[in-house]
Amino acid sequence: MPIGMHHTFADPQVGAGFKFIHSAFTALVAIPTLLTVFTICASVEIAGRLRGGKGPFGWIATLPWDNPIMLAVTFSFIMLGFGGAGGLINMSYQLDATIHNTQWITGHFHLIFGGAIVIMYFAIAYDLWPHLTGRQLTNLRLMRTQLWLSA
Amino acid sequence: MIVTTFPWHWVGILGMPRRMAYYDYSNAALEPMALSVSISVVGAFILVISAILFFVVLLEGQRAPRENAGPYRFAVAVHPPIRLPEVKAAGLWDAICSAAGIARKATSTSPVTPDFKISSVVVTPQMLSIADTQSIGRGATLAHQCAICHGPAGFSRADAPNLSGQFAGAIYKQLKDFQSGARSNAIMTPFAAKLTDQDMIDVASYYAYLPRLPEDRAGQADAAPRIVLNGAPLRNIPPCGSCHGSIDHKIGSPWLQGQPAAYIKAQLQAFARDERNNDISQQMRNIARHMTPHEIDVAVRYYSSLSQPARSTGH
């Protein structure tokens, strides 16, 4: 889907019609993102209830919080949520004028990429590393500390 | 990362441009941004610690003994892998075109004719739906020749189908098929050969007019099994009951409740082996081929269980 012009909403050389189309297409990116977040959260809730969690929030307590990957996914989604909310302002053809070319953009990008995505890189690295080196990573506490600091 | 980026958003709203090499926070107008930027810097240091810890975790792992970690779980197939049959490009192209609804030239080869006779009976919803009393009377006379197998009151004691209360359309269709040769049977084929079209309508109307097995016997029967109530959707088997009674009836298909076990089983096996092929559009052959022997037994037991009391009391 062509969305690249959401970087150039303030550029006078780009036609307003193209800007509008790219703005609308950028908004559509929210749909697959929400579907992904919803399905993963629903899977996690099912797992939590299978572990005996009850009530509207009781299942959260039963999740495997000592597992660093669980922690990483949670942090990733929290940061993705905030980053996505900020992204709605970048995406909007009108609201973008307020924050165009400011530190907001830096903040948004680093929250999404440096936060939501890189924290999953960490989790994947912890998962994959033992298969590459043949040596188990046993210090789960240090991994959790690292992920807390990263989030 | 939250500590770093949230203040960035804030100073962005306050108007701080991107990519600033130098910013004079002693300026009164820029002073409110100083605290936010400082928090960002603290966040950045936290991230540096986090990055160092990441390498610490990995390096610490190097002290552990080397062992086989097993296959990587995301590389293991969740479902058993399927080898697709080799697909010809032309066939694939045809499939894509037909899926996309693109009209293609009709094939020039003539359609394949089967090496057996197919049923030529036109089954319609209105077929034999109005019973004519004269026809029923004539049918009663004609039915004397059927009684030796199908029973004087339509309840067979010879493992032939019970015809009492059977749908007229179902009986008529089978008689037509016996006559045309679409279905063949050493006993029924000669009987049907002599019948006129009106004779068949009369016999069918007569048996349809006779009462079925009493309804209360249905209560004594076993609970309907899965194959009767649900079929097997993954193997494209609809529920038996959706055409043959107990859920619904579709025109042309016989009412099966109370039919002899040996008869139902023989017919299912004949359909499965293509020995009987007068079913419309291969419906029953496609179903019977995919039924397991156990499902056949269960369905037969369920439908035939209703006939036992009737046979012992000697209708």
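Everything numeric in this text was worked out from a predicted model, so none of it was measured.

**Quick notes on the overall build of chain B**
When helices and strands are counted, chain B shows 15 helices and zero strands. Looking at chain B as a whole, 31% of its 315 residues are labelled buried.

**Examining the overall build of chain A**
In terms of helices and strands, chain A carries seven helices and zero strands. In chain A, the succession of α and β elements from N to C terminus is α-α-α-α-α-α-α. The buried share among the 151 residues of chain A stands at 27%. Relative to all contacts within chain A whose residues are 6 or more apart in sequence, the contacts with residues 24 or more apart total 59%.

**Thoughts on unusual backbone geometry**
Residues and elements named next belong to chain B. We note that D159 has phi near 60°; this positive angle belongs to a residue other than glycine. On the secondary structure map, D159 appears in the loop between α5 (147–150) and α6 (168–180). Within the chain, Q282 stands out as a residue other than glycine whose phi angle is a positive 60°.

**Structural notes on the environment of I237 of chain B**
Residue and element names in this part refer to chain B. Among the secondary structure elements, I237 is positioned in the loop between α10 (226–229) and α11 (241–244). Residue I237 is classed as partly exposed on the basis of its 19 C-beta neighbours within 10 Å. When sequence neighbours within four positions are dropped, the list of residues in contact with I237 reads G231, A232, I287, H290 and M291.

**Observations regarding the interface of chain A and chain B**
Note on interface size: it is often stated as the accessible area lost on association of the parts. At the interface, 33 residues of chain A touch 31 residues of chain B. Breaking the side of chain A that touches chain B down by element, the ones donating at least two residues are α4 (68–91), α6 (103–133) and α7 (140–150) of chain A. Residue contributions to the side of chain A that touches chain B peak at 15 residues, all from α6 of chain A. Here the side of chain A that touches chain B is built from residues that sort into 13 nonpolar, 19 polar and one charged.

**With respect to the nonpolar core**
In globular proteins that are soluble, nonpolar side chains generally tend to be buried together. Formed by 37 residues in total, the largest nonpolar core has its most connected members in I171, Y172, V203, A204 and Y207 of chain B. Listing elements by their share of this core, those giving two or more residues are α6, α8 (197–209), α10, α12 (261–272), α13 (283–290) and α14 (293–304) of chain B. Looking at which element gives the most residues to this core, the answer is α8 of chain B, with seven residues. Beyond its immediate stretch of four places on either side in the chain, I171 of chain B contacts L163, Q166, V203, A204 and Y207 of chain B. Of all hydrophobic cores here, the second largest spans 23 residues; its members include L111, A116 and L147 of chain A together with L53 of chain B.

**Considerations on the confidence of the model for chain B**
Residues and elements named next belong to chain B. Averaged over all residues, the pLDDT of chain B equals 84, while 90% of them reach at least 70. Segment residues 309–315 is flagged for pLDDT under 50; beyond a separation of four residues in sequence, or across chains, it makes nine contacts in the model. Scoring of the predicted complex yields 0.49 for pTM and 0.85 for ipTM.

**Points about the environment of K250 of chain B**
Residues and elements named next belong to chain B. One can find K250 in the loop between α11 and α12. Judged by the 16 C-beta atoms lying within 10 Å of it, K250 is partly exposed. Expressed as a C-alpha distance, the spacing of K250 and P125, which sit 125 residues apart in the sequence, is 8.7 Å.

**Quick look at α6 of chain B**
All names here are of chain B. Here α6 is 13 residues long and its end C-alpha atoms lie 18 Å apart, about the 18 Å a rise of 1.5 Å per residue gives. Taken residue by residue, α6 has A168, G169, A170, I171, Y172, K173, Q174, L175, K176, D177, F178 and Q179 as its buried positions. Just downstream of α6 lies G181, where phi reads positive at about 95°.

**Regarding the packing of α12 of chain B against α14 of chain B**
To describe two helices that pack against each other, one gives the angle between their axes and the distance between the axes. All names here are of chain B. Two elements in contact, α12 and α14, have axes whose closest approach is 9 Å; the angle formed by their N-to-C orientations is 145°. The crossing of α12 and α14 is right-handed. Within the contact between the two elements, α12 uses A261, I264, K265 and L268 and α14 uses I296, V300, R301, Y303 and S304.

**Details of the environment of C41 of chain A**
Examined against the element boundaries, C41 of chain A turns out to sit in helix α2 (residues 30–50). Here the alpha-carbon distance between C41 of chain A and F77 of chain A, two residues 36 residues apart in the chain, equals 9.3 Å.

**What to know about helix α2 (residues 31–61) of chain B**
Between the first and last C-alpha of α2 of chain B there are 47 Å, a value that for 31 residues agrees with the 45 Å anticipated at 1.5 Å per step. All of the buried residues in α2 of chain B are S40, G43, L47, S50, L53, F54 and V57 of chain B. On its buried side, α2 of chain B packs onto α6 and α7 of chain A together with α1 (2–14) of chain B.

**Observations regarding the packing of α4 of chain A against α6 of chain A**
Residue and element names in this part refer to chain A. For the pair α4 and α6, interaxial distance at closest approach is 9 Å and the crossing angle is 160°. Classified by the angle their axes make, α4 and α6 are roughly antiparallel. In this structure, α4 crosses over α6, and the sense of that crossing is left-handed. On α6, the residues that touch P68, I69, A72, F75, S76, M79, L80, F82, G83, G86, G87 and N90 of α4 are I105, H108, L111, I112, G115, A116, I119, M120, F122, A123, Y126 and D127. Residues of the contact of α4 with α6, tallied by class, amount to 16 nonpolar, seven polar and one charged.

The rules behind these values
- Residues numbered from 1 in each chain as written.
- Chains lettered and ligands numbered in written order.
- Predicted model: local features only at pLDDT ≥ 70, side-chain atom pairs only at ≥ 80, totals over all residues.
- Helix = DSSP H or I, 4+ residues; strand = E, 2+ residues; numbered from the N terminus.
- Buried ≥ 20, exposed ≤ 12 C-beta atoms within 10 Å, placed from the backbone.
- Contact = placed C-beta atoms within 7 Å.
- Nonpolar A, V, L, I, M, F, W, Y, C, P; charged D, E, K, R; others polar.
- Core = buried A, V, L, I, M, F, W, Y, C linked by C-beta atoms within 7 Å.
- pLDDT = per-residue confidence, 0-100.
- Expected span 1.5 Å × (residues − 1).
- Axes fitted to C-alpha atoms, helices over the stretch in contact; angles between N-to-C directions.
- Left-handed = near helix turned anticlockwise from the far one by under 90°.
- Parallel < 35°, antiparallel > 145°, perpendicular 65-115°, else oblique.

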